[in-house]
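Here are the chains, one letter per residue:
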Amino acid sequence: MSILKVSQLGHPVLRRVAEPVDPEQIQADAFQRFIVDLRETMAAYQGVGLAAPQVHVSNRVLVYLAMGEEDRDPEVLVLVNPVIEPMGDEMESSWEGCLSIPDIRGLVSRHSQIKVTALDDTGQDVSYVARDFEARVIQHEVDHLDGILYLDRMDDLATLSFQAEYDTFWARDEDEDDSE
Ligand code: NI
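Residues numbered from 1 in each chain as written. Predicted model: local features only at pLDDT ≥ 70, side-chain atom pairs only at ≥ 80, totals over all residues. Heavy atoms only, no water.

**Q** Can you explain the pairing of strand β2 (residues 61-66)? Please cite residues and give values.
**A** Within β2, 5 of the 6 residues are buried, which leaves it mostly tucked inside the rest of the structure. Two elements, strand β1 (residues 49-51) and β2, share 3 bridges in a ladder whose sense is antiparallel. By the bridge assignment for β2, A51 is matched with L62. Alignment of β2 against strand β3 (residues 75-86), held across 6 bridges, turns out to be antiparallel. Within β3, the position partnered with A66 by the bridge is E75. (Buried < 20%, exposed > 50% of the residue type's maximum accessible area, 1.4 Å probe, protein only. Helix = DSSP H or I, 4+ residues; strand = E, 2+ residues; numbered from the N terminus. Pairing = 2+ DSSP bridges.)

This is the structure we're talking about:
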């Protein structure tokens, strides 16, 4: 178990299209250890999502914190080789941060509802619909697997803010303070 080093903006691994994971390898000790490290690294940095390229591993795997519905406890989910598909045309604009771009936030428009198809951490097929904040986190993390950063998705770079300025000028109506 280790806390991994997080790749920072400018490192080429963040701009690479990551390789699919061989499903046969999911149950292997090496991959299972990597998943544990990814989860621990996300927790150590208090992130709500982390993709493998963010720890210098160019594979299509991510972890994220699923907040769940009101009666469910938050849980960390693992998605291997995820594919996402927008459901409907509805978009929602909200603030994002990224552990690979520390102390900066910006407004990003994302699909409100997506269908997720992936393998889980045991290699089983999973398919579900994610909405709102969960859908946003998944879209942000899947972008990492394609070498895309939230900066690329911003409609208007004028909202780009350092964390301290965000807290002072923008955070009034927001209660989220998360990085992905
Ligand atoms: Ni990120």
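**Q** How would you sum up the side chain of R60? Please name residues and give values.
**A** By secondary structure assignment, the location of R60 is in the loop between β1 and β2. Residue classification places R60 among the buried positions, given a relative accessible area of 13%. Once residues within four sequence positions are removed from consideration, R60 is found in contact with V17, A18, E19, P20, V21, L79, V80, N81, P82, L145 and D146. (Contact = heavy atoms within 4.5 Å.)

**Q** Residues and numbers for the sheet that holds strand β4 (residues 91-98), please.
**A** Pairing in this open sheet of 3 strands is antiparallel, and the strands run β4-β5-β8 from one edge to the other. The open sheet has two edge strands, β4 and β8 (161-162), and neither has a second partner. Pairing analysis gives 2 bridges linking strand β5 (residues 101-111) to β8, with the strands arranged antiparallel. Its bridge partner lying in β8, R105 is registered against S161. Those strands touched by helix α2 (residues 132-145) are β4 and β5, and its axis lies near 60° from that of β4. (Axes fitted to C-alpha atoms, helices over the stretch in contact; angles between N-to-C directions.)

Without other data, these values stay purely geometric and don't point to any function.
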